[in-house]
Structures are given as structure tokens and as C-alpha cells.
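Chain residues, written in single-letter form:
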Amino acid sequence: MDRFSKYNPKATLLFFVLIIIVTITSYHPIFISISFFTAFLYKLKLDGRKAILYLLKFILPLVIIVSLFNMLFTHYGATILFEAFDMNYTLEGLFYGFSQGLMLGAVIMWISNYSSVITSEKFLSVFGRYMPNSALLLSMVLSFIPRLKKNATEINDARLLLDSKGNKLKKSINSFSALITLTLEESIEISNSMKSRFYGSKRTVYSKYRICPKDYILIAFELILTAAIIALKLCGYMKFTFEPIISMGELKIYAVVPFAILSLIPIIIDFAEDIKWFCLKQKI
């Protein structure tokens, strides 16, 4: 059970927004590696063994492709690895590409974790009161691709049971046509359902998610850690240069701690609850 997802959607949504922004704006490989590792740990908590396959089949190949692509098409840096076609391929270009690949992989995994924790219902509970139309539209857009994949899988499974032979191109065209038809029918049903419930008219907003003191504590903790990270960044503790040579500015252990704690918040909450339950069991 993921205890972090049981918190109020405002607290969990704020966490994902902050960690993604901090990861994107961090050019230091150590901080990016921490974000990458903790994003994978949390995905492992949410998805189990599927997270390992996701890492091996998609994330790691993406990191390798970005690393090689950057080295092949950028030629800055002083440490030459090899020369080919009158061009120099440098260690700095490879390392910068690797760093950017890690950053991209970390952001993708955080977004994947977000989609597992923040459902459309939770998203609407956060923004439905303030901008209901925009919140509903964004929620429907975010759920469109997963619904499309689910429909495509169902159609392919049904066709395999009905007809395992035949022209592959014709079967693909028929499957695509069925997918579009099914998606349009679902859109019409959603539209009619919203119309029958008088969506768009004056109405009250109900949310089953109530914010409590522990949610306020989590929000305050997230904001304090983010403020500490920003202060450390402005003081130059997150400085790292890739050109002309790889060099790292002064880095103290206390500069890494706020970033590590922020990215580990979902894991820490689960670990703290496990310790709490263990202590309670010992008293029985």
C-alpha cells in the first residue's frame, strides 16, 4: 500500500510539481542522479516488477540514445575521445548528454508516478472549484492516451480470437478504424452524460478529500525544502560546468541533503509508517 497517495491531493500534487521543476533546473549530475534513483524507487513501490522492465526497456535505452546523440552532434570540450570524419568527439559532450538523458528519464518516471497517484478525480478536486472547465479539459486530455491504449489492446485481443489469419495490413486498418469509432462513441457518451447532469450550469462543488493537519505539515515541509534548495543553488553549491572541461564547484554534504529528502518524501512516509506499525505490534 502506498501511504503517500493517501494524503490530500493538494499536498501530493505540490510534491510532483516541485520535484519535476527542481529536477529540470538542476544541471548538476549528482542531483540529477538522486532524482533519477528516487523516482525509480518510488515507481518500484507503485508498480513492482513492472518498474524494472520499464527501466530496462524504455528509460535506460533513452539515456543511452541521448548520450550518444549529444556526443555525435556537439563537439565542444577539450577531452577528445576519438576523431572521425574530421570531427572531434569529446568526453564533455558524452557526459553532458548522459546527464541530460538522466534528467529526461527522471522527469518521465516522476510523471509516470504522478499519473499513478493523481487520478482525474483528485485533479478535479484540486482545481474544480477555481477553474472547473480548464480542470476538466486537462483531466480529459491526460486520460485520453491511457484510454486509447486500453481500447487498442481490447480490439487487438478480440481480433486475435476471431481471426488469427489474414492480411496484416487489412487487419491493422480495420483495427484502427474500430479504435477511432470506439473513441468517438465514448466521447459522445461522456458529452451526453455531462449534458444530462447540467454541467456548465450553476452548481456546488463536492470533494471527498478533506485537508487535515498532517497535510499542512507535508505542504510546509515541501516548501521549506524547496526554498533551501533554491538558496543553495543561488549560493553556488549546485554549480557544474561541462565546457571546456568537466569541473564541479564546491559541494558540501549539507547541500545535497535537502534535495535528497525532498525526492525521498514518498519513501520516507512509507518507511515511517512501517516503523510505527512495527512498534505497535511489539506492544501487543
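Everything below is about the structure shown above.
Here the structure is a predicted model, which means the values were calculated and not measured. (Residues numbered from 1 in each chain as written. Predicted model: local features only at pLDDT ≥ 70, side-chain atom pairs only at ≥ 80, totals over all residues. Heavy atoms only, no water.)

**Description of the overall build of the protein chain**
Threshold: Segments assigned H or I by DSSP are reported as helices when at least four residues long, segments assigned E as strands when at least two residues long, and all are numbered from the N terminus. Residue exposure (1.4 Å probe, protein chains only): buried if accessible area is under 20% of the type maximum, exposed if over 50%, otherwise partly exposed. Every residue pair with non-hydrogen atoms within 4.5 Å of one another is taken to be in contact.
When helices and strands are counted, the protein chain shows 10 helices and four strands. Along the protein chain, from the amino end to the carboxyl end, the secondary structure elements read α-α-α-β-β-α-α-α-α-α-β-β-α-α. Counting across all 284 residues of the protein chain, residues that qualify as buried make up 33%. Nonlocal contacts in the protein chain, meaning residues at least 24 apart in sequence, comprise 72% of its contacts between residues at least 6 apart.

**As for the nonpolar core**
For the record, the criterion: Within this scheme, the nonpolar core is defined by two criteria: the residues are buried Ala, Val, Leu, Ile, Met, Phe, Trp, Tyr or Cys, and they are joined through side-chain atoms within 4.5 Å.
Counting 42 residues, the largest nonpolar core has Phe 4, Phe 15, Phe 16, Phe 36, Trp 110, Leu 262 and Ile 265 as the members making the most contacts within it. Ranked by residue count, the leading element in this core is helix α4 (residues 91-117), at eight residues. Leave out the neighbours within four places in its chain, and Phe 4 touches Thr 12, Phe 15, Phe 16, Tyr 42, Leu 218, Ile 265, Pro 266, Ile 269 and Asp 270.

**Quick word on the packing of aromatic side chains**
Rule in force here: Note on aromatic pairs: the rings of Phe, Tyr and Trp (six-membered ring only in Trp) are paired at centre separations within 6.5 Å, and the planes decide the class, stacked below 30 degrees, edge-to-face beyond 60, tilted for the rest. The rule for a charge over a ring is simple: NZ of Lys or CZ of Arg within 6 Å of the ring centre, and within 35 degrees of the ring normal.
Summed over the entire model, instances satisfying the criterion amount to nine aromatic pairs. Each ring, one from Phe 31 and one from Phe 259, has its centre 5.3 Å from the other, and the planes form 80°; the classification is edge-to-face. With a gap of 228 residues between them, Phe 31 in helix α2 (residues 29-47) and Phe 259 in helix α9 (residues 253-263) connect regions that are remote in the sequence. When the ring of Tyr 54 is compared with that of Phe 58, the centres are 5.7 Å apart and the planes differ by 45°; the resulting orientation is tilted. Taken together, the residues span about one helical turn, with Tyr 54 and Phe 58 both in helix α3 (residues 49-73) at a distance of four residues. In this structure an aromatic cluster arises from ring pairing among Phe 4, Phe 15, Phe 16, Tyr 42, Trp 110 and Tyr 114. Stacked on the ring of Tyr 54, the Lys or Arg Lys 43 has its end atom at 4.5 Å from the ring centre. The ring centre of Tyr 7 lies 4.7 Å from the NZ or CZ of Lys 214, which sits over that ring.

**Remarks on the side chain of Thr 226**
Examined against the element boundaries, Thr 226 turns out to sit in helix α8 (residues 213-234). For Thr 226, the residues in contact, after removing those within four places along its chain, are Leu 18, Val 22 and Leu 262.

**Concerning helix α1 (residues 9-24)**
The condition that has to hold: Take the number of residues in a helix, subtract one, and multiply by 1.5 Å to get its expected span. What qualifies as a polar contact is a pair of N or O atoms within 3.5 Å, subject to a donor-acceptor requirement within protein and to the restriction that residues adjacent in sequence count only when both atoms come from side chains.
Taking 1.5 Å of rise per residue, 16 residues should cover 22 Å, and α1 covers 22 Å from first to last C-alpha, within 8% of that figure. Of all the residues in α1, the buried ones are Pro 9, Ala 11, Thr 12, Leu 13, Phe 15, Phe 16, Leu 18, Ile 19, Ile 20, Val 22 and Thr 23. For α1, the capping residue at the N-terminal end is Asn 8, with a side-chain oxygen 2.9 Å from the backbone nitrogen of Lys 10.

**A short note on the packing of α1 against α8**
Formally: Here, axes are lines fitted to C-alpha atoms. For helices the fit covers the stretch in contact, and angles between N-to-C directions go from 0 to 180 degrees. Angular relationships are summarised with four words: roughly parallel below 35 degrees, roughly antiparallel beyond 145, roughly perpendicular across 65 to 115, and oblique for the angles in between. Note that Gly is not counted as nonpolar here; it falls among the polar residues with everything else outside the nonpolar set of Ala, Val, Leu, Ile, Met, Phe, Trp, Tyr, Cys and Pro and the charged set of Asp, Glu, Lys and Arg.
Two elements in contact, α1 and α8, have axes separated by 9 Å at closest approach and are oriented at 10°. Regarding the angle of α1 to α8, the classification is roughly parallel. Taken together, the residues of α8 that come into contact with α1 (itself represented by Ala 11, Leu 14, Phe 15, Leu 18 and Val 22) are Asp 215, Leu 218, Ile 219, Glu 222, Leu 223, Thr 226 and Ile 229. Residue classes in the contact of α1 with α8 are distributed as nine nonpolar, one polar and two charged.

So far we have only geometry, and geometry alone does not tell us how the molecule works.
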